[in-house]
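Survey of secondary and tertiary structure
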Amino acid sequence: MQIELTINGKTQSFQAQPNQTLLQLLRQAGYFSVKHGCDTGECGACTVLLNGVPTTSCNLLAVQANGADIMTVEALGTAENLHPLQQRMADNGAVQCGYCTPALLLTAKALLDRNPLPTEAEVREAMSGVICRCTGYARPVEAILQKDNPPPITNALSVVGQPVRKIDAVKLATGRAAFVDDIDLRGLLHARLLLSPHAHALIKKIDASRARALPGVHAVLTYEDIPRVSFTTAGQSWPEPSPLDSRSLDSKVRFVGDRVAAVAAETPEIAQQALDLIHVDYELLPAVFHPKEALAEGAPVIHDEPDCTGIGGYDPGRNLAAMVEATIGDIDRGLAEADVVIDRTYRVPQVQQTPLETHICITYLDEDSRLVVRSSTQVPFHVRRIIAPVLGLRPGQIRVIKPRIGGGFGVKQEIIVEDICGHLTLRTGRPVKLELSREEEFAASRSRHPQIIRMRTGVKRDGTLTANEMTLIANTGAYGSHALTVQSNTGSKAMGLYRCPNIHFRADVAYTNLPPAGAFRGYGGPQGYFALESQMDEVAKALGMDPLAFRLKNCLRAGDDNPIARALGEGREGIPQTIRSCGLPECAAWGKEAIGWGVHKGVGVAFAMHGSAIPGLDMGAATIKLNDDGTFNLLIGATDLGTGGDTVLAQMAAETLGCTVEDIIVYAADTDLTPFDTGAYASSTTYISGGAVVKAAADVAQQIKSVAAEMLETTPEFLTLHDSGVHTPKGSSVTLADVALRSLHAANQRQIAAVASHMSHDSPPPFAATFAAVAVDQETGVVTVEKLVMAVDAGQIVNPVTARGQVEGGMAQALGYALSEEMLFDGQGRMLNPSFRDYRVPLAHEMPPMEVHLVHTDDPFGPYGVKALAEIPMDGVAPAVANAVAAATGARVTAIPLTPERVWRALSHKEA
Amino acid sequence: MFMQLREYHRPRDLSEALTLLARPGVCTRALAGGTALVGPLDRATEVLVDLADLGLRYIRPHGDTLRVGAMTTLADLIDHPVARKLGGGMLVAAAGRSGPPNLRARGTVGAALARPHRAPELAAALLALNAAPLRHGPLITQVDVPVEPVTCGWARVARTPADLPTVAVFAAVRMEGDICRLVRLAAVGLSAQPRRLPLIEADMQGRPLSDFAIAQVAGAVARAADPPDDIRGSAEYRRHLARVLTRRALLMGRDGHAN
């Protein structure tokens, strides 16, 4: 049908198919700022202004919009001439991954056009149609309300500690093509996956002949068409601690949503038609969903294939994906010595990361027939190494590129699209795109491990801990992705927080026929801390002690060892860890004031300790080279997920090189062009990749000084780098450009450049104290969180704006974990709530007021004294809220999320 | 994603729309905003008849009713000065719970009534206000909402403020002194679809509405409920909420201000 649209002031005619959505039309026409997020309009990422009104475009047919006036962010402002809203969003840290930013901008513009001075409540109500999973909405709301930025950190440094604007903020705020899907490739095919409708079945026969015969279909792959290679999707360092229990396609399906076949076709519709034409004969097998039943004698065996292998007590014949155990002292003696023993069992749910951009990758063959994988991944180097054998290639035949990505939160450490997309490109020779739908992202990607956690804690009357034991059963679902390491981390993070001579930790991780768990920001920490910190309140209550005083009496301090972290390596031998800095007392003191501890009823607290990278394992590298004009190329393997990794690394380079962030040109995460990095996980980028950047920069600074010394006729030791120049104590100087021109063109010619690597045997923990104030409707069980406060000790803060935004975003995600997020399944293992309508993540107008405080400590290990910040905001919110509910009502809720029904059951002493 | 869609029509008058919808042997669906229809995988629909140009987007006071065209968006309704006052704000409060603002901008009152599970609180509030849908063949074209001297009360529990309710109760009451002359109760989450509770209403008519009487009515609602068991709550919890929320809605309705 011929339709006419006025897009950004220009009237154009389009030939639209009746079933084409406005989103599809706009993106095909090159308006890449309009994003796909959910297919049902509930996430709002596809919002445009339709006749001035914010409207979703994924659930609007292009023909319905015939004659309409449409505005996208492309028309709001340009990099040279930003709209004031874009300026404020960029400056205020409101842009993290940037995927929802265009939708937020348009929504805000429409609001301000109508109401130039909105209240905060009006801003939040208007924004409630756009889900942001990165910011917790705090920075965007403040940007729209024109509030001031947080102040810079006061220190002796000039770039580190400054609230520098995120280096990608402008391109993201102007909707420039920056994400995986924002390219046009000639001959691109669309892939779709046939997913299992059964939780456990053998594929007896699969007939794809009718699908292959369908015009427009270029490839149909089943397990019969590709070699069988076992691997793990976990995306970890070699050799992987997760079991090698997955294949691109298999003759057995192990959960509802497991892959059965893959199709590449001219259009998504043809691909879908082809899926409908594949005939599969299943032999149904008994399925098991509860981890205890899965570990029981006689349970159906989920991985009975001979070619799965693993470490860490791996026993697939018993559905045991991993077992971890560690003991400090003698737990029985510790319990016997106690005056009081508290024994409780806690439950934490399976939850989904829900990045606003679902998993997506585009694969194609370059002019040398090498496979290029353009992917929304946290681990480009692991992707290359891990998919190579699966595809029958050498890693060197593959190039993985990570452009900007629309959120990761751990789920994009998982390699769940690249392998099959690569198979389809190798089979067809064509570019292929595979993008998961929101429903597939929910039900067929990865999630946080649910756990059942028993705690036994012994304590003396004076509040001294004598024994602390955590034994848990975790459910890893159908595949053992991160089964060993997430559960190890539950112990090594949570069980190390309090000084105790006798500690016992054990985790049994079961395979079941539910969708697999995997990596999710916090990585075992949120599970462990919900149990530990609920338990600490129960212990304090039994002793009649103030829960905060009890924690401060027992928590780790600088100078303490963390023996459980040594006992529990992540699938390797652990490394001794000594705490060099701990800001917990300061965190507690600030939070106590901010929440009104002892003044208000219904207030709870939780402490947390996380880590900075995996000690002895995570490694990053950086290359820095000087250009003619005194700018530098910074090439890093580090993988910015949207939280600002590229920016803080540029700040650290600029600090060391005495220049500005604008002089640092960052190019990252391309396996051909940047040096190796393990990737963005385990809170490692600032600490590990930052270490590499500072080393490379220091090396380059030395080279610059030696050239400058020739020019200034002095010796390098006397020179300092600042203000983009090299200076003598007497005041003479040369610019970096002078140095570059001389070294590249004039004398003693060479490229000033360095590459450096960094790893660390120390993982200095960040600490946090989280406080929550709640009101509980005692008749209905409805919990209203009235305030959330978090004080974090993450050492030296490199960028106070991005740091604050990252903490707020983590708090919002953690609040979803506390109150409402939960994957629910029917008796056949089908997910009941695979949409934003039914799986509730916090919206802008559902968030409580939040306060964040960054406590400064000096840690000797990290570059410039940094510690990690990324994951710790996930740890304390759920237990702080549960403790606040207990304080308000006297009822202990031992399971999250704290839905009204669950709280009502606890209040009325009913079975959960 | 529509797999079979081959025709899209946007008729300009109702009879043409009805003719298109009546064609035998063709899977035809009316498009009334489309926020729920467009997007999910749809293997059946062959023809869409868009109701956008039928002139059904209006809100008109007419005597003692407010006539709301079926293609009126939920946002139109929420912004309308007369609608805002209906039921002391109950109608727009319910409309505001029918999805996020970017969807309410296109979602229509007619679609919400045709598919009450998408906007159950709006459907229930309209029931409590005694609104009458006007039908032409398979289409709802208009909703007449009485503007009458009642006071309203409503109460809800949901997993989060913006979630669909586990249970919500809407009440419209007219008191004469202590005596209840009229009451209409409608509930979400106590049965498969939002519905009125006529037997309970009949019991209350002409009787005093003391706190005690309200507690008894609330108990009766809970006993009569046959609630579903789903992701938003168990039947047992819903029965409990039926009691609590009926009481709260009736107290608010009894003690509230007339519109």
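Presented here is an overview of the structure given in this document. (Residues numbered from 1 in each chain as written. Chains lettered and ligands numbered in written order. Predicted model: local features only at pLDDT ≥ 70, side-chain atom pairs only at ≥ 80, totals over all residues. Heavy atoms only, no water.)

Description of helix α7 (residues 120-128) of chain B
All names here are of chain B. Spelled out, the test is: Categorising residues by exposure relies on relative accessible area from a 1.4 Å probe, with only protein chains included: less than 20% of the type maximum marks a residue as buried, more than 50% marks it as exposed, and the intermediate range marks it as partly exposed. Numbering of helices and strands starts at the N terminus; helices are DSSP runs of H or I of at least 4 residues and strands are runs of E of at least 2.
Counting buried residues in α7 gives eight out of nine residues, a clear majority hidden from the surface. Buried within α7 we find Pro120, Glu121, Leu122, Ala123, Ala124, Ala125, Leu126 and Ala128. The first or second residue beyond α7 is Asn130, which carries a positive phi of 65°.

Things to note about the sheet that holds strand β3 (residues 47-50) of chain B
Residues and elements named next belong to chain B. The criterion, for reference: At least two bridges found by DSSP between two strands are what make those strands a pair. Angular values range over 0 to 180 degrees, each being the angle between N-to-C directions of two axes fitted as lines to C-alpha atoms, with helices fitted over their stretch in contact.
One open sheet accounts for three strands, arranged β1-β3-β2; its pairing is parallel. Taken across any chain shown, the strands that pair with only one partner, and hence form the sheet edges, are β1 (7-9) and β2 (28-31). The average undirected angle you get between the axes of adjacent strands in this sheet is 20°. Pairing of β1 with β3 involves three bridges; the strand directions are parallel. Looking at β3, one finds that Glu7 is bridged to Val47.

Describing empty space enclosed by the protein
In this approach the atoms are scanned with a rolling probe the size of a water molecule, which exposes any empty space left behind. Residue and element names in this part refer to chain A. To keep it simple, the criterion reads: A 1.4 Å probe that fits but cannot get out identifies a cavity on a 1 Å grid over protein atoms alone, an open set with protein on both sides within 12 Å along at least five of seven lines counts as a pocket, and a residue lines either if it has an atom within 4 Å of a point. Grid points are joined across faces, edges and corners, and a volume is the space filled by probe spheres set on the points. Think of it as three bins: nonpolar holds Ala, Val, Leu, Ile, Met, Phe, Trp, Tyr, Cys and Pro, charged holds Asp, Glu, Lys and Arg, and polar takes everything else, Gly as well.
A full pass over the atoms with the stated rule returns five cavities of 30 Å³ or more. The volume enclosed by the largest cavity comes to roughly 290 Å³. Taken together, 22 residues form the lining of the largest cavity, with Phe255, Asp258, Arg259, Ile416 and Arg446 sitting closest to its centre. Partitioned by chemical class, the residues of the lining of the largest cavity number ten nonpolar, four polar and eight charged.

With respect to the interface of chain B and chain A
When the parts of a complex come together, some accessible area is lost, and that lost area is often taken as the interface size. The cut-off we apply is this: Residues count as neighbours in contact if any of their non-hydrogen atoms are within 4.5 Å of one another. Two parts lose some accessible area (1.4 Å probe) when they are put together, and adding that loss for both gives the buried area. The salt bridge definition used is simple: a Lys or Arg side-chain nitrogen within 4 Å of an Asp or Glu carboxyl oxygen.
Taken residue by residue, the interface counts 47 residues in chain B and 53 residues in chain A. Summing both partners gives a buried area of about 3900 Å² for chain B against chain A, and 55% of it is carried by carbon and sulfur. Summed over the shared surface of chain B and chain A, the number is eight salt bridges. Close ionic contact of Glu236 of chain B with Arg905 of chain A constitutes a salt bridge, the shortest N to O distance being 2.8 Å. Those elements giving two or more residues to the side of chain B that touches chain A turn out to be β3, α5 (101-104), β8 (151-158) and α10 (235-255) of chain B. Class assignment for the residues of the side of chain B that touches chain A results in 24 nonpolar, ten polar and 13 charged.

Some details on the pairing of strand β21 (residues 603-609) of chain A
Residue and element names in this part refer to chain A. Within β21, seven of the seven residues are buried, which leaves the element mostly enclosed by the surrounding structure. Of the two faces of β21, the one holding Val603, Val605, Phe607 and Met609 and the one holding Gly604, Ala606 and Ala608 are both buried throughout. Pairing between β21 and strand β29 (residues 767-776): seven bridges, direction antiparallel. Paired with Val605 across the strands is Phe771, a residue of β29.

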